[in-house]
Amino acid sequence: KQEVTQIPAALSVPEGENLVLNCSFTDSAIYNLQWFRQDPGKGLTSLLLIQSSQREQTSGRLNASLDKSSGRSTLYIAASQPGDSATYLCAARGGYNKLIFGAGTRLAVHP
Amino acid sequence: NAGVTQTPKFRILKIGQSMTLQCTQDMNHNYMYWYRQDPGMGLKLIYYSVGAGITDKGEVPNGYNVSRSTTEDFPLRLELAAPSQTSVYFCASRIRDRGLLEGQETQYFGPGTRLLVL
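Attention in this report is confined to the structure presented alongside it. What you see is a predicted model; the values in this text were computed from it and never measured.

**What about the overall build of chain B?**
Okay, so step 1: The helix and strand inventory of chain B stands at zero helices and 11 strands.
Okay, so step 2: Walking chain B from its N terminus toward its C terminus, one meets helices and strands in the order β-β-β-β-β-β-β-β-β-β-β.
Okay, so step 3: Projected onto its principal axes, the C-alpha coordinates of chain B cover approximately 45 × 30 × 25 Å.
Okay, so step 4: In chain B, which comprises 118 residues, the share counted as buried stands at 45%.
Okay, so step 5: Counting contacts in chain B only where the partners sit at least 6 residues apart, residues at least 24 apart contribute 57% of the total.
Okay, so step 6: Total accessible area computed for chain B in this model is approximately 5700 Å², and 52% of it derives from carbon and sulfur atoms.
Okay, so step 7: A distance of 8 Å separates the average location of the 12 positive side-chain charges in chain B from that of its 10 negative side-chain charges.

Structure representation (structure tokens):
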């Protein structure tokens with residue numbers, strides 16, 4: 001059974017820092033690994049999707065990597081801004097169209 | 001496009017009451033999903049559908065029912081509400097485009113319905 005774990009659970013940093021959020025999964029038989037952003041009281045917004053055949057994806061200041069063999073993905077946020085404050089969720093897509101989510105990392109970036 | 005819309009935004013139910021959470025998408029997506037998110041936790045899949053008339057159970061289906069009579073709508077029914085069903089419910093959809101490789105697609109999420117059962 002797929003289990004997804006995110007570390008740390010919460011993070012508070014000053015503006016401008018570079019950040020690394022970690023995601024680990026137990027079953028390497030995945031179709032893709034996705035990173036989502038969730039703002040309080042809102043739905044989820046997809047940030048990056050890494051297919052199982054890919055090693056990384058980049059979008060602006062965000063870079064996500066995937067190492068299937070070790071069951072790990074990292075989300076790198078460069079030059080963090082207060083507007084980056086949100087909860088970041090990773091999800092592994094396995095068979096039967098199922099996304100298995102981690103519990104998230106709550107990020108606070110203060111000016 | 002409005003994307004994925006959910007109603008109501010918030011509801012309080014008494015134990016034993018029933019209700020239907022509505023979900024509609026206007027993107028002509030084949031697949032639709034219902035998740036629940038408990039405080040401090042990730043989302044868990046309740047039910048999903050790969051097209052009109054076809055539904056299947058996810059991780060936590062007990063206490064819920066779904067139907068998919070049209071491509072656009074995927075309502076979630078709670079028959080006998082229990083305090084354990086207090087949660088935020090999210091609906092999502094995605095396209096199954098045969099021009100895309102499996103694993104290239106992403107899911108689009110609605111804003112959620114916050115449900116409190118007392």
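**Quick word on the side chain of Arg68 of chain B**
Residue and element names in this part refer to chain B.
Okay, so step 1: Relative to the elements of secondary structure, Arg68 occurs in the loop between β7 (64-66) and β8 (76-78).
Okay, so step 2: In this structure, Arg68 is buried with no salt-bridge partner, the nearest side chain bearing the opposite charge being Glu72 at 7.5 Å.
Okay, so step 3: In this structure the side chain of Arg68 is engaged in a polar contact, spanning 2.9 Å, whose partner is the backbone oxygen of Asn30.
Okay, so step 4: Within polar-contact distance, the side chain of Arg68 engages the side chain of Ser49 at 2.7 Å.

**A short note on a nonpolar patch on the surface**
Residues and elements named next belong to chain B.
Okay, so step 1: Together, Phe10, Ile12 and Leu118 give the surface a local cluster of nonpolar side chains, amounting to about 320 Å² of exposed area.
Okay, so step 2: When you line up the elements, Leu118 lands in the segment after β11 (113-117).
Okay, so step 3: You can call Leu118 exposed: its relative accessible area is 57%.

**Concerning the packing of aromatic side chains**
Each aromatic ring pair is summarised here by two numbers: the centre-to-centre distance and the angle between the ring planes.
Okay, so step 1: Within this structure, the stated rule accounts for eight aromatic pairs over all chains.
Okay, so step 2: Consider the rings of Phe36 of chain A and Phe101 of chain A, whose centres lie 5.7 Å apart with planes at 40 degrees: the pair is tilted. One end of the pair, Phe36 of chain A, is in strand β4 (residues 32-38); the other, Phe101 of chain A, is in strand β10 (residues 99-101), with 65 residues separating them in the sequence. Each member of the pair, Phe36 of chain A as well as Phe101 of chain A, carries the same accessibility label: buried.
Okay, so step 3: The rings of Phe36 and Phe101 of chain A together with Tyr33, Tyr35, Tyr48 and Phe109 of chain B are connected pair by pair, giving a single aromatic cluster.

**Examining the environment of Ser24 of chain A**
Residue and element names in this part refer to chain A.
Okay, so step 1: Within the fold, Ser24 resides in strand β3 (residues 19-25).
Okay, so step 2: You can call Ser24 partly exposed: its relative accessible area is 26%.
Okay, so step 3: With 58 residues separating them along the chain, Ser24 and Pro82 place their C-alpha atoms 26 Å apart.
Okay, so step 4: Once you skip the residues sitting within four places of it in the chain, Ser24 turns out to touch Glu3, Val4, Thr5, Gly71 and Arg72.

**Focus on the interface of chain B and chain A**
Okay, so step 1: Opposite the 27 residues of chain B that make contact, chain A presents 23 residues.
Okay, so step 2: A combined buried area of about 1800 Å² lies between chain B and chain A, and 51% of that area is made up of carbon and sulfur atoms.
Okay, so step 3: On inspection of chain B and its partner chain A, the count reaches one residue pair in polar contact (both at pLDDT 80 or more).
Okay, so step 4: Of all the secondary structure elements, the ones that give two or more residues to the side of chain B that touches chain A are β4 (31-37), β5 (43-51) and β9 (87-94) of chain B.
Okay, so step 5: Looking at side-chain class alone, the side of chain B that touches chain A contains 12 nonpolar, nine polar and six charged residues.

**A look at the nonpolar core**
Okay, so step 1: The biggest cluster of nonpolar side chains holds 23 residues, and the ones touching the most others in it are Val4, Leu33, Trp35, Leu75, Ile77, Tyr88 and Leu107 of chain A.
Okay, so step 2: Among the nonpolar cores identified, the runner-up in size contains 19 residues, and Met19, Leu21, Tyr47 and Leu78 of chain B belong to it.

**A look at the sheet that holds strand β1 (residues 4-7) of chain A**
All names here are of chain A.
Okay, so step 1: Pairing is antiparallel in the open sheet, where five strands are placed in the order β1-β3-β8-β7-β6. With one partner strand each, in any of the chains shown, β1 and β6 (56-59) form the two edges of the open sheet. Recorded for the sheet is a direction-independent mean angle of 15 degrees between the axes of neighbouring strands.
Okay, so step 2: Of the strand pairs in this sheet, β1 and β3 are connected by four bridges, and their pairing is antiparallel. Bridging across to β3, Ile7 finds its partner in Asn22.

The rules behind the values
Note on numbering: residues in each chain are counted from 1, in written sequence order. Here chains are named by letter from A upward and ligands by number from 1 upward, in the order in which they appear as written. The model is predicted, so local features are restricted to residues of pLDDT at least 70 and side-chain atom pairs to those at 80 or more, both for listing and for counting; the totals for chains, interfaces and linings are taken over all residues. In computing side-chain properties, one takes all heavy atoms of the structure into account and sets aside hydrogens as well as water. The secondary structure listing takes helices from DSSP runs of H or I that are at least 4 residues long and strands from runs of E that are at least 2 residues long, numbered from the N terminus. Three labels apply to residues, based on accessible area from a 1.4 Å probe with only protein chains included: buried if under 20% of the type maximum, exposed if over 50%, partly exposed otherwise in between. Should any heavy atoms of two residues lie within 4.5 Å, those residues are counted as being in contact. Areas reported here follow the Shrake-Rupley algorithm with a probe of radius 1.4 Å; residue values treat only the protein chains shown as occluding. Charge assignment in this entry is limited to Lys and Arg as positive and Asp and Glu as negative, and neither His nor the chain termini are counted. Lys charges are placed at NZ, Arg charges at CZ, Asp charges at CG and Glu charges at CD. Criterion for a salt bridge: a side-chain nitrogen of Lys or Arg within 4 Å of a carboxyl oxygen of Asp or Glu. Pairs of N or O atoms within 3.5 Å make up the polar contacts considered here, provided that, within protein, one atom can donate a hydrogen while the other can accept it, and that residues adjacent in sequence are counted only when both atoms are side-chain atoms. Exposure above 30% relative accessible area and no salt bridge define the residues that can form patches, which grow by joining like charges within 9 Å and nonpolar side chains of Val, Leu, Ile, Met, Phe, Trp and Tyr within 5 Å. Classification of ring pairs rests on two measures: the distance between centres of Phe, Tyr or Trp rings, Trp counted by its six-membered ring, which must be within 6.5 Å, and the angle between planes, read as stacked under 30 degrees, edge-to-face over 60 and tilted in between. In short, buried area is how much 1.4 Å probe accessible area vanishes from two parts on joining, totalled over both. Just so you know the grouping, Ala, Val, Leu, Ile, Met, Phe, Trp, Tyr, Cys and Pro go in nonpolar, Asp, Glu, Lys and Arg go in charged, and all remaining residues, Gly too, go in polar. Here, the term nonpolar core denotes a set of buried Ala, Val, Leu, Ile, Met, Phe, Trp, Tyr and Cys residues that are joined through side-chain atoms within 4.5 Å. At least two bridges found by DSSP between two strands is the condition for calling them paired. Axes here mean lines fitted to C-alpha atoms, for a helix over just the part in contact, with angles spanning 0 to 180 degrees between N-to-C directions.

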